[in-house]
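An overview of the molecular structure
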Amino acid sequence: MTRRFRHVEWTLKRMDAKAWAHIQCVSDEPRCGAVPPGRPGNRSPEDVLAWTEEHFRVTGHRRYDRVLFDRVQWDPPEGVDPRSLPGVST
C-alpha cells in the first residue's frame, strides 16, 4: 500500500519483527471457548495452526476466531531519510 504524505510516496511494509497470533474455538452451543495452553500473546501463527489441527482432530470443532498480529512501518522511497522530513517521527 502506498500513500502520498509530505510530498513523498510512502509504502507500508511489514517489518522483520516476529508475527504472533491468538485463536479461540467458537464451535458448539454454548461456545467451546478453548484456547491453546500456555501464555497468551506468545504464539506463532504456526503454533496456532498446529493447535487448531489437533483441537479439530480431537473434538471435531470447525469454527475458530483467529487474530494475526505483525508489525508494519511506512517507508519513504530509497534515498529519502524520513528524519529529514518535517512532521515525521521514527
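Starting from 1, residues in each chain are numbered consecutively following that chain's sequence as written. Since the coordinates come from a predicted model, pLDDT governs what is reported: local features require at least 70, and pairs of side-chain atoms require 80 or more to be given and counted, while whole-chain, interface and lining totals use all residues. Side-chain descriptors were evaluated using all non-hydrogen atoms of the structure, hydrogens and water having been removed beforehand.

Another aspect to go through is the packing of aromatic side chains. Two numbers describe a pair of aromatic rings. These are the distance of the centres and the angle of the planes. Two rings belonging to Phe, Tyr or Trp (six-membered ring only in the last case) form a pair when the distance between their centres is within 6.5 Å. Interplanar angles under 30 degrees mark stacking, angles over 60 mark edge-to-face geometry, and anything in between is tilted. In total, this model carries two aromatic pairs according to the counting rule given. The interplanar angle of 15° and the centroid separation of 4.2 Å between the aromatic rings of W20 and F69 together place this pair among those described as stacked. Taken together, the residues W20 in strand β3 (residues 20–25) and F69 in strand β4 (residues 64–69) connect sequence positions 49 residues apart. The interplanar angle of 80° and the centroid separation of 6.0 Å between the aromatic rings of W51 and Y64 together place this pair among those described as edge-to-face. With W51 in helix α1 (residues 45–59) and Y64 in strand β4, this residue pair connects regions lying 13 residues apart in the sequence. Helix and strand labels come from DSSP, where a helix needs a run of H or I of at least four residues and a strand needs a run of E of at least two; each type is numbered from the N terminus.

What follows covers the nonpolar core. Counting residues in hydrophobic clusters, the biggest one holds six residues: A21, I23, C25, V48, W51 and Y64. Considering each element in turn, this core owes the most residues, three residues, to β3. Two residues form a contact once any of their heavy atoms are found within 4.5 Å. Leave out the neighbours within four places in its chain, and V48 touches A21, I23, R43 and R66. Side-chain atoms within 4.5 Å are what join buried Ala, Val, Leu, Ile, Met, Phe, Trp, Tyr and Cys residues into a set we call a nonpolar core. A simple rule labels every residue: compare its accessible area, found with a 1.4 Å probe on the protein chains alone, to the largest value its type can have, and call it buried under 20%, exposed over 50%, or partly exposed in between.

Residues of β3 alternate between two faces, with A21, I23 and C25 buried on one and W20, H22 and Q24 left unburied on the opposite face. Following DSSP output, two strands are said to pair if at least two bridges run between them. Alignment of β3 against β4, held across six bridges, turns out to be antiparallel. If you follow Q24 over to β4, its bridge partner there is D65.

A few words now on the pattern of salt bridges. Any Lys or Arg side-chain nitrogen located within 4 Å of an Asp or Glu carboxyl oxygen qualifies as a salt bridge. The final tally for this structure, using the stated rule, is two salt bridges. Between R14 and D70 there is a salt bridge whose closest N-O contact spans 3.2 Å. Of this pair, R14 sits in strand β2 (residues 8–14) while D70 sits in the loop between β4 and β5 (72–75), and the two are 56 residues apart along the sequence. Here R57 ties to E54 by a salt bridge, and the two come within 2.7 Å at their closest N and O atoms. Of this pair, R57 and E54 both sit in helix α1, three residues apart, which is roughly one turn of that helix.

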